[in-house]
Amino acid sequence: EVKRMLNPKDARLQVKANEKAKKVKPGEEVVKKLDIAPSALFFTYNSQLGPPYHIILDTNFINFSIQNKLDPIKASMDCLYAKCTIYITDCVMAELEKLGQKFRVALRIAKDPRFERLPCTHKGVYADDCLMERVTQARCYIVATCDRDLKRRIRKVPGVPIMYITQRKYSVERMPEAFG
């Protein structure tokens, strides 16, 4: 089989070239937009973090906690040696409800009255985007997740610790005081 190549004069290539030409015009300065650094950050040390800790749970973190037979409140207090307030967003609840009968135990744990609910105002119910949005707005949260992709995204936001499960207990990554 011979692979077909596009003709350099193909219209599809011309559209991409025109878009690139529109973006940068000669003689114009390119303006980069940077996020304003929060005043609570001293390099990557976040001074907003302190007892009582605010922890946002992700869907898979609840499921892994059940698999490892861990109570989220007790295990997080054992990890951080302080009082913890646990939050669950509407998106995480919606995701658990979508998962169906197999994850009904996780849904029952998430509806625990000790957990506080955070209402979501955005459209859609994708929990990862919701958690990222919350964390970038207010960096006072510890995000509890076992999802690799979400961890990778959160690591790009300075000053936000990540809680995860290792060896049947909770551990915290990027915490100013090294616990766990």
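Data block above holds the structure.
A. Layout of the overall build of the protein chain. Counting its regular elements, the protein chain contains seven helices and eight strands. Each of the 180 residues in the protein chain was classed as buried or not, and the buried ones make up 41%. A separation of at least 24 residues holds for 65% of the contacts in the protein chain among residues at least 6 apart in sequence.

B. Expanded view of the packing of helix 6 (residues 127-137) against helix 7 (residues 148-155). Running from amino to carboxyl end, helix 6 crosses helix 7 at an angle of 20°, the nearest separation of the two axes being 11 Å. On the basis of the axis angle, helix 6 is roughly parallel to helix 7. Taken as a pair, helix 6 and helix 7 cross one another with a handedness that is right-handed. Where helix 6 approaches helix 7, its residues Asp128, Asp129, Leu131 and Met132 are matched on the opposing element by Leu150, Arg153 and Ile154. Looking at side-chain class alone, the contact of helix 6 with helix 7 contains four nonpolar, no polar and three charged residues.

C. Main features of the nonpolar core. If you look at the biggest cluster of nonpolar residues, it comprises 34 residues, and the most contacted ones within it are Ile55, Leu57, Leu80 and Met163. Those residues in contact with Ile55, other than ones at most four positions away along the chain, are Ser76, Leu80, Cys84, Thr85, Ile86, Tyr87, Ile142, Ala144 and Met163. The next biggest cluster of nonpolar side chains, apart from the first, holds 13 residues, and it includes Ile56, Tyr87, Val143 and Val160.

D. Layout of the pairing of strand 6 (residues 141-144). A two-sided burial pattern is seen for strand 6, the buried positions comprising Tyr141 and Val143 on one face and Ile142 and Ala144 on the other. Of the pairings in the sheet, the one linking strand 3 (residues 53-57) to strand 6 comprises four bridges and is parallel in character. Bridge pairing in strand 6 places Leu57 opposite Ala144. Handedness of the strand 6-helix 7-strand 7 (residues 162-166) crossover: right-handed.

E. Broad picture of the pattern of salt bridges. This structure, assessed with the given rule, holds seven salt bridges. Note that Asp112 and Arg114 form a salt bridge whose closest N and O atoms lie 2.9 Å from each other. Since its relative accessible area comes to 45%, Arg114 is described here as partly exposed. With a closest N to O distance of 2.6 Å, Arg155 and Glu173 form a salt bridge. Linking Arg155 in helix 7 with Glu173 in strand 8 (residues 169-173), this pair joins segments that are 18 residues apart in sequence. Sharing partners across several salt bridges, the network here consists of Asp71, Asp112 and Arg114.

F. Quick peek at unusual backbone geometry. With omega at -10°, the peptide bond leading from Pro51 into Pro52 counts as cis. Tracing the backbone shows Pro52 in the loop between strand 2 (45-46) and strand 3. With a phi angle near 50°, Gln167 is a residue other than glycine that sits in the positive phi range. Within the element layout of this structure, Gln167 appears in the loop between strand 7 and strand 8. Exposure remark for Gln167: the relative accessible area of 74% places this residue in the exposed category.

Parameters and conventions
Residues numbered from 1 in each chain as written. Predicted model: local features only at pLDDT ≥ 70, side-chain atom pairs only at ≥ 80, totals over all residues. Heavy atoms only, no water. Helix = DSSP H or I, 4+ residues; strand = E, 2+ residues; numbered from the N terminus. Buried < 20%, exposed > 50% of the residue type's maximum accessible area, 1.4 Å probe, protein only. Contact = heavy atoms within 4.5 Å. Axes fitted to C-alpha atoms, helices over the stretch in contact; angles between N-to-C directions. Parallel < 35°, antiparallel > 145°, perpendicular 65-115°, else oblique. Left-handed = near helix turned anticlockwise from the far one by under 90°. Nonpolar A, V, L, I, M, F, W, Y, C, P; charged D, E, K, R; others polar. Core = buried A, V, L, I, M, F, W, Y, C linked by side-chain atoms within 4.5 Å. Pairing = 2+ DSSP bridges. Right-handed = clockwise from strand over helix to strand, strands pointing away. Salt bridge = Lys/Arg side-chain N within 4 Å of Asp/Glu carboxyl O.

So, to be careful, I would describe these as geometric facts and stop short of saying anything about function.
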